[in-house]
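Chain residues, written in single-letter form:
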Amino acid sequence: MARLATGLLYVGPLLAGLAGQGWALMPLFLGIFLLSSVIMQPDMWPRSRADLARSEAAVALASLVATQALLVVVLFAFGRGIGGLMAFQPALPVYLPAALSLASVPLARLGWRPEAPVGGQGAGD
């Protein structure tokens, strides 16, 4: 279920591009992708300002934001390309692709199951 919900996260910018919606939606989708990252992988984010002051944490955070931004732009551009090549632009409301992506965050968290450690043994073993 978590993988299906994560798929919805990616479908949002793809549909927005396919529908020919403007590039002005990129910050919205980037925010949704970063929110998903905060919810699903909280250990990747600094816990305090002191953590952020360390150069390693700042570089890791900047690279995470950059890769999420690149992913959003690539998905949006891919959708625009598909729509242009096939001469197909569905008439979608502006809010629908963003709503799909945003809905994926709580759905992915509901379906999320912590993985067993690498040895295959639980914490109590």
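Preceding this section is the structure that the text describes.
None of these values were measured; they are calculated from a predicted model. (Residues numbered from 1 in each chain as written. Predicted model: local features only at pLDDT ≥ 70, side-chain atom pairs only at ≥ 80, totals over all residues. Heavy atoms only, no water.)

A. Main features of a nonpolar patch on the surface. Taken together, Phe78, Ile82, Leu85, Met86 and Phe88 make up a surface patch of nonpolar side chains, about 580 Å² in accessible area. Summarising the element assignment, phenylalanine 88 is placed in the loop between helix H4 (55-86) and helix H5 (95-111). (Patch = residues over 30% accessible without salt bridge, like charges linked within 9 Å, V, L, I, M, F, W, Y side chains within 5 Å. Areas by Shrake-Rupley, 256 points an atom, 1.4 Å probe, with all protein chains shown as cover. Salt bridge = Lys/Arg side-chain N within 4 Å of Asp/Glu carboxyl O. Helix = DSSP H or I, 4+ residues; strand = E, 2+ residues; numbered from the N terminus.)

B. Inspection of the packing of helix H1 (residues 2-18) against helix H2 (residues 26-40) at higher detail. Packing of H1 against H2 leaves a shortest axis separation of 10 Å and a crossing angle of 175°. Relative to H2, the element H1 is oriented roughly antiparallel. Note on element contacts: H2 touches H1 through Phe29, Ile32, Phe33 and Ser36, opposite Leu9, Tyr10, Gly12, Pro13 and Ala16. Tallied by class, residues from the contact of H1 with H2 come to 7 nonpolar, 2 polar and no charged. (Axes fitted to C-alpha atoms, helices over the stretch in contact; angles between N-to-C directions. Parallel < 35°, antiparallel > 145°, perpendicular 65-115°, else oblique. Contact = heavy atoms within 4.5 Å. Nonpolar A, V, L, I, M, F, W, Y, C, P; charged D, E, K, R; others polar.)

C. Just the nonpolar core, in detail. The biggest cluster of nonpolar side chains holds 12 residues, and these are Leu9, Ala16, Leu25, Met26, Phe29, Ile32, Phe33, Val72, Leu75, Phe76, Ala98 and Val105. Counting only elements with at least two residues in this core, the list comes to H1, H2, H4 and H5. Ranked by residue count, the leading element in this core is H2, at 4 residues. Excluding residues that lie within four positions of it along the chain, leucine 75 makes contacts with Tyr10, Pro13, Leu14 and Phe33. (Core = buried A, V, L, I, M, F, W, Y, C linked by side-chain atoms within 4.5 Å. Buried < 20%, exposed > 50% of the residue type's maximum accessible area, 1.4 Å probe, protein only.)

D. Seen up close, the environment of tyrosine 95. By the secondary structure assignment, tyrosine 95 is in helix H5. Expressed as a C-alpha distance, the spacing of tyrosine 95 and glycine 12, which sit 83 residues apart in the sequence, is 9.8 Å.

E. View of the packing of aromatic side chains. Tallied over the full model, the rule gives 2 aromatic pairs. Seen in terms of ring centroids, tyrosine 10 and phenylalanine 33 are 5.8 Å apart; in terms of plane orientation they differ by 50°. Their pairing is tilted. Taken together, the positions of tyrosine 10 in helix H1 and phenylalanine 33 in helix H2 put the pair 23 residues apart, joining distant regions of the chain. (Phe/Tyr/Trp six-rings, centres within 6.5 Å; stacked < 30°, edge-to-face > 60°.)

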